[in-house]
Amino acid sequence: MPKTRKIRVLIAKPGLDSHDRGAKVVARALRDAGMEVIYTGLRQTPEQIVETALQEDVDVLGLSILSGAHKTLFPRVMQLLKKQGLTDVLVFAGGIIPEEDISEMKKAGIKEIFGPGTRTETIIQYVWDNLPKRN
Amino acid sequence: MFDREKVREVRKERERWERTTLPNWLKQCRERKSEFRNTSSVPVKRLYTPEDVEGLDYVRDLGFPGEYPFVRGVHATMYRGRLWTMRQFSGFGTAKQTNKRFKYLLKEGETGLSIAFDYPTIMGYDSDHPMGEGEVGICGVAVSSLRDMEVLLDGIPLDRVTTSMTINGPAAVLLAMYVAVGDKQEVPREKLGGTTQNDNLKEYFAQKLCIYPPKPSVKLTTDIIEYCARHLPRWNPISISGYHIREAGANAVQELAFTIYDGISYVESTVERGLKVDDFAHRLSFFFASHNDFFEEVAKFRAARRIWARLMKERFHARNPRSMWMRMHVQTSGCTLTAQQPLNNVTRTTIQALAAVLGGTQSLHTNSFDEALALPSEEAVRVALRTQQIIAHESGATSTIDPLAGSYYVEALTNEMEEKALEYIQKVDDMGGAIVAIEKGFFQKEIADSAYKYQREIDEKRRTLVGVNDYMVEEECPIELLRVDPKVEKEQLADLRKLKRERDGRRVEEVLGKLRRSAEKDENLMPHIIDSVKAYATLGEICEVLRQVYGEYKELIII
Amino acid sequence: MRRLTKVDEIVKGVLAGNRRCIAKAITIVENDLVEAQELITEIYPQTGRAHVIGLTGAGGAGKSTLIEKIVREYRRRGKTVGVVAVDPTSPFTGGAFLGDRIRMQELYTDEGVFIRSMATRNHAGGLAKATKDAVKVLDAAGKDIVIVETVGAGQSEVEIIKVAQTIVLVHAPGLGDEIQAIKAGIMEIADVFVVNKADRENADKAVMDIQSNLQLNSKESAWKPPVLKTVALTGEGVPELIDKLEEHRCFLEDDLECKRALLRSKVEAELVDAIKEKAVNALIEELRREGKLDEVLQRILDKKLDPASAAEQLLKKAMRSAKT
């Protein structure tokens, strides 16, 4: 369902994890769905990610991590987003995030976690359905 | 391989079969798909006959095991003489914890070690580096100094066990540490056996663990190849890897072609150093993935050996047959394993492992069924090891050599993969070589396109992934997962602080100074790196010196 | 921090250099939201201080890497910098991959640098009003330098002239057809030429090609475009490039006559564009409202009338009714 509003998405790889196949496939799928996508590349610090989200005034932030370091890095990103007043950004995550960590991540502010095997259409529809209202 | 007359007869009969018997069957029931393609999108025919291998010359194209062109195997007796090495990639937490896992696996029957390092280590950072926060020991073992390596290998006899180390940018440092431990155990250096992955080229477009820019990275790789040729004759200085290329999204043909191209580049860089091909080529080793399409994988392994053998002979003029052989390690494919219904992964891994065995691998790692969820639990890794043992001892696959040879399909596919890989090789040659291709983003684009294509096929259900887009279950049964104790990071930091207090700081400064000067002069750095680790300079300190001399690589992003 | 919803709060923030407000302001003008006009009206008096530099060149010339070094050098000299990086929107999907800022990662946490990526969004003419307005925002926010980076060489790149005061064309040896790859339009308007990747073979030849081209097409102008060499990867040649950019800025400042004429023609072009846009939109809106468009559409579909004649008829009627 094509929308007229241009959705700006930031896809980020926090920490040292170097598996970028999924992040790149998702970035491309979102672009092909008509969104404007910024992909940060590897090895971003939470500070770099949040500053990019701020300057680019993104609607959506997707965090990808497969190294297990999400427990440290995701809360750090969410804290910094809050500090900068970016509480209206829709944040989702993907990669290898064990079931038992999901509720903790959601409590930190990550709205949805897309594990291995998620169809790209699912992510696209999720973004359309959950886009934050902006004035 | 077949008489021309006979082939004509077959062709006539096949055409008759297509006119008479086949249509009746098709009328009753259409084929399940309009087209059957393998993972490289190569169409797979309904039937293969002698026509498909008409030009095949047994002696020229297949030969005998242990002889050029090595298609049928690199050793004359293959698994009848010696089984492949069962080498499970492992590592997590502290050196002590991983040492325990090593001993467990050796007890359960693994025949060689393979070390997985954590992210800070593989990026050349100590456990106390800010970029490493939250990452220490999480997906590999943390090794910041020789002391960690000593604990890691405690009780492991280095004269009897071979060890593979998956390490690239800092490979020289880890190799130096291994040598230092060997020295302590009083094992003569000529007896130390193992492998350092040390394949920096593929980092730029596949595994992405690049520290330094391409040219100095190739130089570091070559330093190790040269050093081993002269001083560590049993050590495989490099494991030219296709596994990561495949996992990043490449198809089988691309995996084959890009890996071999990297191999070509390293042979060139070492020859440019002044070594003769026959001085070092026999110790070059390779590392491939084993993916889902069984026959495609078998064909890939066989084609790889033939391509390499011919290249070494014709392009590099090797004389010693051992310079032309391609020894390989295979790992079953991680990206094909699913988080959904994880026990299905045992089946996938079995098929993939069998393909590797029928493809003639020298060494094999089988993934654990919880691969898509966490690092392997003890139970999961045991099952993975048993998979290899069952194939080895119960399946009959090891009773004879290269049993699939002569299959019309397998031979036709082997030829086709060789042809397609050679096209890519020519393309990169025309571009000006691997480094130019990397700068142009050529490999990256090919891989990103293949990855996207594969995902579209799954999203659109043109490719079935059992448990994921078909045969799903409502609720998954949870399984026990391995969790790394978060205390690990604290312990590592405390150990590092202790080490820095206890070592001779002046000596460390001295050796690092010598290392820097040597790097600036473009000399082989191995001797200085060995001195540095023995003085207990840390991995991070050594890599930082090189960062300052060579600079850091900035990723070229191709989506 | 409360969500900002009022334009004047955003404007206040922009003028104080608040990064979040700058970001929000650019979003408003980029999407031409209802508040866009009000926002521009309020910040307009504070614009005109920044040195606006346009940077363009074919893909593979190393523009992004060069910009990173340029920004660093300006920062070293104590200037604050805004960067607007433009990437093409796919005509098929409407989406875009905004990849230029990645080259400037190390500058993300430098408070004196603000980087914004924009997609062309297929506005006719490429670089749209949106970019010009984004530049105004950064200018009003107090950035000393605003760099606009665009994709490749082509028609849309000539649009930069309406935005930038100094235009830099970046080339690199071995890109293919050497000078032929650069469309004539750009050659004529560039103020500074850069041959990047100057450590490659043929760098000197590339420099000479550009110089001879310039001589052949020399205009009557007091400013002689220099041809510089850089190696963006190492930063070699960048300080000299900045010196030239500063020189050009001074040239523009000093040559008041030239500056006035330039400014006047730029402002006139902008005014004409604004009139066109508003006039056309208003007219079409009216025709639609009065059902006149539909009437005429049917006649076109029935092949009783061609589109161009139809437009003329409609306009004649509209002009007449406007007079009465």
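In this text the structure is predicted, and so the values were computed from the model without any measurement.

## Structural notes on the overall build of chain A
Line of reasoning, step 1. From N to C terminus, chain A includes five helices and five strands.
Line of reasoning, step 2. Rg of the C-alpha trace for chain A: 13 Å, near the compact-globule value of 14 Å for 135 residues, within the 12% margin.
Line of reasoning, step 3. Its C-alpha atoms give chain A principal-axis dimensions of about 35 × 35 × 25 Å.
Line of reasoning, step 4. Considering chain A as a whole, with its 135 residues, one finds that 61% of them fall into the buried category.
Line of reasoning, step 5. When contacts within chain A are restricted to residue pairs at least 6 apart in sequence, those whose partners lie at least 24 apart make up 74%.

## Considerations on the environment of C210(B)
All names here are of chain B.
Line of reasoning, step 1. If you trace the backbone, C210 turns up in the loop between α9 (201-207) and α10 (214-231).
Line of reasoning, step 2. Spatially, the C-alpha atoms of C210 and E555 are 8.4 Å apart, while their sequence positions differ by 345 residues.
Line of reasoning, step 3. For C210, the residues in contact, after removing those within four places along its chain, are G169, E203, Y204, S217 and Y553.

## Points about the interface of chain B and chain A
Line of reasoning, step 1. Counting residues at the interface gives 33 residues for chain B, matched by 28 residues for chain A.
Line of reasoning, step 2. The greatest single-element share of the side of chain B that touches chain A, amounting to five residues, is contributed by helix α20 (residues 442-459) of chain B.
Line of reasoning, step 3. Residue classes in the side of chain B that touches chain A are distributed as 21 nonpolar, seven polar and five charged.

## Examining the interface of chain C and chain A
Line of reasoning, step 1. Between chain C and chain A, the residue contacts involve 26 residues of the former and 23 residues of the latter.
Line of reasoning, step 2. Listed by contribution, the elements that provide at least two residues to the side of chain C that touches chain A are α2 (19-30), β3 (96-97) and β4 (113-119) of chain C.
Line of reasoning, step 3. It is α2(C) that contributes the most residues to the side of chain C that touches chain A, six residues altogether.
Line of reasoning, step 4. Broken down by class, the residue content of the side of chain C that touches chain A amounts to 11 nonpolar, eight polar and seven charged.
Line of reasoning, step 5. In this structure, strand β2 (residues 36-39) of chain A lies alongside β3(C), joined through two bridges in parallel fashion.

## Focus: α10(B)
Line of reasoning, step 1. Compared with an ideal rise of 1.5 Å per residue, which puts 18 residues at 26 Å, α10(B) spans 26 Å between its outermost C-alpha atoms and is within 8% of the ideal.
Line of reasoning, step 2. Of the residues making up α10(B), those classed as buried are S217(B), V218(B), L220(B), T221(B), T222(B), D223(B), I224(B), I225(B), E226(B), Y227(B), C228(B) and A229(B).

## Quick look at the sheet that holds strand β3 (residues 163-166) of chain B
All names here are of chain B.
Line of reasoning, step 1. A sheet is described by the order of its strands in space; here nine strands give the open sequence β5-β4-β3-β2-β1-β9-β8-β7-β6, paired in parallel fashion. Sheet topology places β5 (235-236) and β6 (238-241) at the edges, where each strand pairs with a single neighbour.
Line of reasoning, step 2. One ladder, built from three bridges, connects strand β8 (residues 327-332) with strand β9 (residues 363-365); its direction is parallel. Within the sheet, the bridge partner assigned to H329 lies in β9 and is S363.

## Notes on the domain arrangement of chain C
Residue and element names in this part refer to chain C.
Line of reasoning, step 1. Entries for chain C in the domain assignment read domain 1 (1-46), domain 2 (48-254) and domain 3 (268-323).
Line of reasoning, step 2. Counting residues at the interface gives 13 residues for domain 1, matched by 12 residues for domain 2.
Line of reasoning, step 3. With six residues, the top contributor of residues to the side of domain 1 that touches domain 2 is α2.
Line of reasoning, step 4. Class assignment for the residues of the side of domain 1 that touches domain 2 results in nine nonpolar, two polar and two charged.

## A short note on the confidence of the model for chain A
Line of reasoning, step 1. Overall, the predicted model of chain A reaches an average pLDDT of 93, with 96% of residues at or above 70.
Line of reasoning, step 2. Of all helices and strands in chain A, the one with the weakest mean pLDDT is helix α4 (residues 99-108) of chain A (94), whereas strand β1 (residues 8-12) of chain A scores best (98).

## Observations regarding the packing of helix α3 (residues 70-83) of chain A against α4(A)
Residue and element names in this part refer to chain A.
Line of reasoning, step 1. Two numbers describe how α3 lies on α4: the axes approach to 9 Å, and their chain directions differ by 15°. Relative to α4, α3 is oriented roughly parallel. The chirality of how α3 crosses α4 is right-handed. Counting all contacts with α3, which are made through H70, K71, F74, P75 and M78, the residues of α4 involved are D101, M105 and A108.
Line of reasoning, step 2. Along the lines of polarity and charge, the residues of the contact of α3 with α4 split into five nonpolar, one polar and two charged.

## Re unusual backbone geometry
Line of reasoning, step 1. In this structure, the amide linkage connecting Y68(B) to the following residue, P69(B), adopts the cis form with an omega of 0°.
Line of reasoning, step 2. Residue position: P69(B) is located in the loop between α3 (58-62) and α4 (78-81).
Line of reasoning, step 3. Although it is not a glycine, Y536(B) sits at a positive phi angle of roughly 65°.
Line of reasoning, step 4. As for its position among the elements, Y536(B) is in the loop between α23 (526-534) and α24 (539-550).
Line of reasoning, step 5. With a phi close to 70°, N202(C) is a non-glycine residue in the positive phi region.
Line of reasoning, step 6. Position of N202(C) relative to the elements: it lies in the loop between β7 (192-195) and α8 (203-216).

The rules behind the values
- Residues numbered from 1 in each chain as written.
- Chains lettered and ligands numbered in written order.
- Predicted model: local features only at pLDDT ≥ 70, side-chain atom pairs only at ≥ 80, totals over all residues.
- Helix = DSSP H or I, 4+ residues; strand = E, 2+ residues; numbered from the N terminus.
- Rg over C-alpha atoms; globule rule 2.2 N^0.38 Å.
- Buried ≥ 20, exposed ≤ 12 C-beta atoms within 10 Å, placed from the backbone.
- Contact = placed C-beta atoms within 7 Å.
- Nonpolar A, V, L, I, M, F, W, Y, C, P; charged D, E, K, R; others polar.
- Pairing = 2+ DSSP bridges.
- Expected span 1.5 Å × (residues − 1).
- Domains from an automatic or database assignment.
- pLDDT = per-residue confidence, 0-100.
- Axes fitted to C-alpha atoms, helices over the stretch in contact; angles between N-to-C directions.
- Parallel < 35°, antiparallel > 145°, perpendicular 65-115°, else oblique.
- Left-handed = near helix turned anticlockwise from the far one by under 90°.

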